[in-house]
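# Observations on chain architecture
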Amino acid sequence: LSGRSHLRMLELHKQYGPVVRIGPNRLTFFPGQSLKDIYNRTGPRSFKKNRPYYMPPPNNVDHLVGEGLKTQEALVTQYVDAFIQGLSAASQKGLVEISAWFNYTTFDITGDLMFGDSFGCLRNNKLHPWIQLMFSAIKALVFLGVVKQFPTLDWLLMKLVPKSILQKGVDHFNLSAEKVDMRIAMGNEKNDLMSGMLKNGLSEKHGQHRGIMSRAEIHSNSYILIIAGSETSATALSEITYYLCKYPAIRQRLVAEVRSQSSDLPFLHAVIQEGLRIYPPFVGTLSRLPPPGGEAVDGYFVPEGVSALVQILDPRFLKDKLDAVEPFSTGPRGCLGKILAYAEIRLILAKLLFHFDISPGPEGDGWIDQDVYYLWAKPPLMIYMIKRETTAT
Ligand code: HEM
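Residues numbered from 1 in each chain as written. Predicted model: local features only at pLDDT ≥ 70, side-chain atom pairs only at ≥ 80, totals over all residues.

An unreviewed UniProt entry annotates the protein chain as Cytochrome P450 of Lindgomyces ingoldianus.

Below, the structure is given as structure tokens:
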């Protein structure tokens, strides 16, 4: 609840070693072999998602039973061009709150892919009020997640959770469900995230048809995907921009690469990888349960019923163990949007540095020290921007 558990867990590992018991039935592991053992196994000996740690949506129908995602190049490019245009006007004042612009862009892209219409953030230069509501809804999920860790007391603890917080979660769900219904009414002509879900038809009654998603399932998936697909990429872009401002030599090398004639951009890839490593956008819990009879993780036996998770955050960089870096998680339940996320981040960052000279704003180093409620609570990121004279796009 303090928003600091991401750091506390690292301290505990430093003090007690690679595996720490953080509750009667809860283990946390340091990344390495544990990532493979917990997340990569398939079949009957695999670890399953630990459901109580993934709060069900208000309609109680599970989400993320999802489909693969395809890169939607033309659609993404259209929004990234609008981002550059919007920034061209905003940068005339010199100082720009860039993290808001990243959020406008990624939410508009995911909104269009999901609901057939953007949130109009780039058009209106502001976050849609619904997205603000979503951030409050995430805090509600954190409260509920904590309450669920104390099953015998949850009726009492539930009374302590402010009603207004719970209501925000429900409001967000209802608005998302409304948008889903409008998109479904448009039919299945578009090639977007929804068309993947509607590919086999639509079942009005949940649990009635195998292989066909029900309306309730689509409501639940959309509710989670709109956040999973937008806030994460916007966070990655903000922190990478922050570090690029902080380290001018890296920024200059990247700018030179992006403004060269080459279409192969290895340093851009390296910068993104390093950004995702030192500040992974999703630091929420990836809790899993072992198969019946328990299973070994990194040489330790995890008994049945004991949850296990790996800490994604690893700020150390000496003696890099690169196989310990999995910002998208890994294995059969790893991120489905990884390809789309890379495509968005690469294009947005490349175009930003192609069209603008950027430099650090006045607020200094403090920006990176943030609380976490599943996602980072990012403060505004002010940077100086100057538009370059260029006819190329
Ligand atoms: C930098 C951007 C992103 C990061 C760091 C990220 C990270 C993650 C992580 C760590 C998980 C595993 C969660 C768990 O085990 O509970 C995950 C799952 C998922 N992500 Fe992402 N994600 C990103 C972008 C996206 C995008 C753009 C989309 C879709 C538009 C997306 C869709 C999903 C879905 C559907 C899952 C659930 C997969 C499953 O449970 O089987 N993500 N992501």
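### A look at the overall build of the protein chain
Within the protein chain, the secondary structure is distributed over 14 helices and 12 strands. On C-alpha atoms alone, the protein chain measures out to a radius of gyration of 21 Å, which is about the 21 Å that the 2.2 N^0.38 rule sets for 393 residues. On the principal axes, the C-alpha backbone points of the protein chain span a range of 65 × 55 × 40 Å. Looking at the protein chain as a whole, 35% of its 393 residues are labelled buried. Of all intrachain contacts in the protein chain linking residues separated by at least 6 positions in sequence, the fraction that spans at least 24 positions is 73%. (Helix = DSSP H or I, 4+ residues; strand = E, 2+ residues; numbered from the N terminus. Rg over C-alpha atoms; globule rule 2.2 N^0.38 Å. Buried ≥ 20, exposed ≤ 12 C-beta atoms within 10 Å, placed from the backbone. Contact = placed C-beta atoms within 7 Å.)

### A few points about the pairing of strand 1 (residues 19–23)
In this structure, strand 1 lies alongside strand 2 (residues 26–29), joined through 4 bridges in antiparallel fashion. Bridging across to strand 2, Val19 finds its partner in Phe29. Taken together, strand 1 and the strand that follows it, strand 2, pair antiparallel across an intervening segment of 2 residues. (Pairing = 2+ DSSP bridges.)

### Structural notes on helix 8 (residues 163–185)
Given 3.6 residues to a turn, an α-helix orients residues that are three or four positions apart in the same direction. The terminal C-alpha atoms of helix 8, which comprises 23 residues, lie 33 Å apart, in line with the 33 Å expected from a rise of 1.5 Å per residue. Restricting attention to buried positions, one finds in helix 8 the residues Lys168, Gly169, His172, Ser176, Lys179, Val180 and Arg183. Where helix 8 is buried, its residues touch helix 4 (98–115), helix 6 (129–148), helix 9 (193–198) and helix 10 (215–228). Of the residues trailing helix 8, Gly187 is marked for its positive phi of about 90°. (Expected span 1.5 Å × (residues − 1).)

### Digging into the nonpolar core
By size, the foremost hydrophobic cluster in this structure holds 57 residues, and its most contacted members are Phe83, Met114, Leu237, Ile348 and Leu349. Residues within four places of Ile348 in sequence aside, it is in contact with Val80, Phe83, Thr105 and Leu237. Counting 20 residues, the second-largest nonpolar core is a separate cluster that includes Phe47, Val283, Leu309 and Val310. (Core = buried A, V, L, I, M, F, W, Y, C linked by C-beta atoms within 7 Å.)

### Comments concerning the site of the ligand
The environment of the ligand is formed by 24 residues, the closest being Gly229, Thr232, Cys335, Gly337 and Ala341. Counting residues per element, the ones that place at least two in the shell around the ligand are helix 10, helix 11 (231–246) and helix 14 (338–355). Take the shell around the ligand: its biggest share by element is 3 residues, from helix 11. Here the shell around the ligand is built from residues that sort into 15 nonpolar, 8 polar and 1 charged. (Near = placed C-beta within 6 Å. Nonpolar A, V, L, I, M, F, W, Y, C, P; charged D, E, K, R; others polar.)

### What about the packing of helix 4 against helix 11?
Orientation of helix 4 relative to helix 11, taken along the N-to-C sense of each, is 150°, at an axis distance of 8 Å. Relative to helix 11, helix 4 is oriented roughly antiparallel. Seen along the crossing, helix 4 lies across helix 11 with a hand that is right-handed. Contact residues: Ile98, Ser99, Phe102, Asn103 and Thr106 in helix 4; Ser233, Ala234, Leu237, Ser238 and Thr241 in helix 11. Of the residues belonging to the contact of helix 4 with helix 11, the class tally is 4 nonpolar, 6 polar and no charged. (Axes fitted to C-alpha atoms, helices over the stretch in contact; angles between N-to-C directions. Parallel < 35°, antiparallel > 145°, perpendicular 65-115°, else oblique. Left-handed = near helix turned anticlockwise from the far one by under 90°.)

### With respect to unusual backbone geometry
If you check the backbone angles, Asn125 has positive phi at about 55° while not being a glycine. With respect to the helices, strands and loops of the structure, Asn125 is situated in the loop between helix 5 (121–124) and helix 6. Residue class for Asn125 comes out partly exposed when judged on the 13 C-beta atoms lying within 10 Å of it. Positive phi, close to 50°, is recorded for Asp298, a residue that is not glycine. Inspection of the secondary structure assignment puts Asp298 in the loop between strand 6 (295–297) and strand 7 (300–302).

### Quick look at the sheet that holds strand 12 (residues 382–387)
The sheet built from 3 strands is open, its strands ordered 4-12-9 with antiparallel pairing. This sheet does not close on itself; its edge strands, each paired only once, are strand 4 (95–97) and strand 9 (356–360). Pairs of neighbouring strands in the sheet enclose a mean axial angle of 40°, with direction left out of account. Relative to strand 12, strand 9 runs antiparallel, the two being bridged by 5 bridges. In the sheet register, Ser359 faces strand 12, and the bridge partner there is Tyr384. Contacting strand 9 and strand 12, helix 11 crosses the sheet at an angle of about 75° to strand 9.

### Some thoughts on the packing of helix 11 against helix 13 (residues 266–278)
For any two helices packed against each other, one specifies the inter-axial angle together with the distance between the axes. Where helix 11 contacts helix 13, the two axes come as close as 9 Å, and the packing angle between them is 105°. Comparing the axis directions of helix 11 and helix 13 gives the class roughly perpendicular. Across the interface between the two elements, Ala236, Glu239, Ile240 and Tyr243 of helix 11 pack against Val271, Ile272, Gly275 and Leu276 of helix 13. Each residue belonging to the contact of helix 11 with helix 13 can be placed in one class, and the counts come to 6 nonpolar, 1 polar and 1 charged.

### Digging into the confidence of the model for the protein chain
For the protein chain, the average pLDDT comes to 87, and 93% of its residues sit at 70 or higher. Below pLDDT 50 for its whole length, residues 64–71 participates in 16 contacts with residues either more than four positions away or in separate chains. Across the assembled chains, the prediction reports ipTM 0.97 with pTM 0.89. (pLDDT = per-residue confidence, 0-100.)

### A few points about the environment of Glu257
Note on placement: Glu257 falls in helix 12 (residues 248–258). Between the alpha carbons of Glu257 and Lys351 there is a distance of 12 Å; along the sequence they are 94 residues apart. Filtering out sequence-adjacent residues up to four positions away, Glu257 remains in contact with Leu265, Phe267 and Leu268.

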